[in-house]
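Single-letter residue listing:
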Amino acid sequence: MPPTRFTSARKSRVIFRRGKGTSAVPKLAALSWSPARAGFLALATGGAGFAAGIAYNKSSGQDINYSRTSKFPAPNYGSIKDMQAAIKEIRSVLGEESLSTDDEDLKLHGYSEWSPSNIDTLPIAVVYPKSTEEVSRIMKTCHKWKVPIIGYSGGSSLEGNYSSPHGGFSVDFMHMDKIMEFHEEDLDIVVQPSCGWVDLNTKIADRGLFFPVDPSPSAKFGGMVGTNCSGTNAVRYGTMKDWVLNMTVVLADGTIIKTRNRPRKSAAGYNLNGIFVGSEGTLGLITEITLKLAVIPKEFSVASATFPTIRDAANTASAVVRAGVPVAALEFLDEIQMGVLNRGGYTAPIVFEEKPTLFFKFSGTKASVADNIKEVEAIPKSHRGAAFRFARDKKEQDLLWSARKQALWSLLASRPEGTELWTTDVAVPYSKLATMIETSTKGLKDLGLFSSIVGHLGDGNFHEAIMYHKTDPVESAAVEKHVKTMIIRALEMDGTSTGEHSIGFFKKHELLQEVGPETVAVMKSIKQALDPYWLLNPGKIFDTPS
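Described in the following lines is the structure provided in the data block. (Residues numbered from 1 in each chain as written. Predicted model: local features only at pLDDT ≥ 70, side-chain atom pairs only at ≥ 80, totals over all residues. Heavy atoms only, no water.)

Secondary structure assignment for the protein yields 19 helices and 18 strands. Counting the 546 residues in the protein, one finds 50% classified as buried. Nonlocal contacts in the protein, meaning residues at least 24 apart in sequence, comprise 71% of its contacts between residues at least 6 apart. (Helix = DSSP H or I, 4+ residues; strand = E, 2+ residues; numbered from the N terminus. Buried < 20%, exposed > 50% of the residue type's maximum accessible area, 1.4 Å probe, protein only. Contact = heavy atoms within 4.5 Å.)

We now examine the sheet that holds strand 2 (residues 125-127). Sheet architecture is open: four strands sit in the order 1-2-4-3, paired in mixed fashion. Looking at the sheet topology across the chains shown, the edges are occupied by strand 1 (99-100) and strand 3 (149-152). Pairing geometry for strand 3 and strand 4 (residues 169-172), over four bridges, is parallel. In the sheet register, isoleucine 150 faces strand 4, and the bridge partner there is serine 170. Each of strand 1, strand 2 and strand 4 touches helix 4 (residues 80-94); the most contacted strand, strand 4, lies at about 30° to it. Of the strands in this sheet, strand 2, strand 3 and strand 4 are in contact with helix 6 (residues 132-145), which crosses strand 3 at around 155°. (Pairing = 2+ DSSP bridges. Axes fitted to C-alpha atoms, helices over the stretch in contact; angles between N-to-C directions.)

Attention shifts here to the pattern of salt bridges. The tally for this structure, following the rule as stated, stands at 22 salt bridges. The closest approach of N and O atoms between aspartate 188 and arginine 262, which form a salt bridge, is 2.8 Å. Residue aspartate 188 is found in strand 6 (residues 188-191), and its partner arginine 262 is found in the loop between strand 9 (256-258) and helix 10 (272-276); the two are separated by 74 residues along the sequence. Among the ionic pairs, aspartate 446 bridges to lysine 442, the shortest N-O distance being 3.2 Å. Within this pair, aspartate 446 and its partner lysine 442 are both found in helix 16 (residues 433-447), separated by four residues, close to a single helical turn. No difference in accessibility class separates aspartate 446 from lysine 442, as the two residues are exposed. In the salt-bridge network here, residues are joined through shared partners; they are Glu89, Arg137 and Lys144. (Salt bridge = Lys/Arg side-chain N within 4 Å of Asp/Glu carboxyl O.)

Printed below as a string of structure tokens:
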């Protein structure tokens, strides 16, 4: 067999091992090495290398301090005249109907009724692409004229994620809502950013498959990827990052990339999926997503249990997780929320006790569901919980579970006249959950406003919803202080400022507290490398350099 570069390499290693080479290295191997001599050589060479590295950085003018201010120069965005030129250019390339400057359209794409993070500025135009290539064309034009770009799909985000602090263009993916490919045998599917998870599951249900991440019913996959969302199924199925195989992304200069191929596992290069998922549209506009799918379980069961106190309910949730029972979902509604559901008739004819309540979902085979129920059913009893209330059939399962899925909308319908919603979330380790929710509940009672707590207690995540008068500066300041205090408490418990809403416009300072300036500076360095003009959703996750 003719020699190859691999056989040559093997021969050289054999020569080295046997000490037959003529280089100096094998001769060193023949020396007698004591631990002291080896340690001295390691220290000497290591110290020399460190000194050489410092000398090189100094001589080449490099400064690897990620948090230094001068590393991030302030962007120079285009003027109104430049933005008007960009509008004209896009209309000439994509057609008049591809862009709107209507006042109602601008407000819809820059203001959210259920976000506390609205600001006065709006985008100056809304662009409606129909393909990845059109998104690339839009990005090239905006790159040329230095126009900020904010992606928009479902519009259901809660932390000011699509606000427009620097004006610019909102890119609405409403025409990009299709299923592009369905690989049924591979259990994956390719979708565009304005495809909704509810619509997707309706279309593929007859194939025995579903997409398990379940945020707000109005959520679309573009925003779901951008915020790394989750929902009631997270305790069993994880969050959005766990279900993305690859993405097609348009970068700030219009370059189109695909993060990887379709296998379930890959160790090829950087994990670009992990960089773009959760980046809130600050690194690129995602135009196609390949998603993993799950097999619909054969059997389901839904149950609820009430508790005398929030601590009892939270301790039960932690105990269920600690017991290792694979529940499909484990959700919490406080007594305020249970009263709202009863008064609105949202689960009629079912009427609930107005106490802290846990909702359980079980799924799997008939035998496994029965085993899981038997194991979980005993746990609430040791925490003063009432007996399980089981749904008797599929219709009652849907009705019982709708109590959790209707929570936000029922609160909005019940809010006092003239008030607006402030909702936010945190997550903490299981052992801190009961104390965290108790403390937050006390803070809400001290506010004296109509408010409620709901949560995904199976993964330590909960939400507060507060109805307040935004026009009352004293009331608004009190609510903001309460929310900020809640987040600080979560961080003190080694938790996070957001379990699933993401950072957006409102929680930038809390992110800095959570991970520190050096870590935020690394994030900003990634941002600057991919988007040096800071065009993509500027002012989200961290402030725009100034």
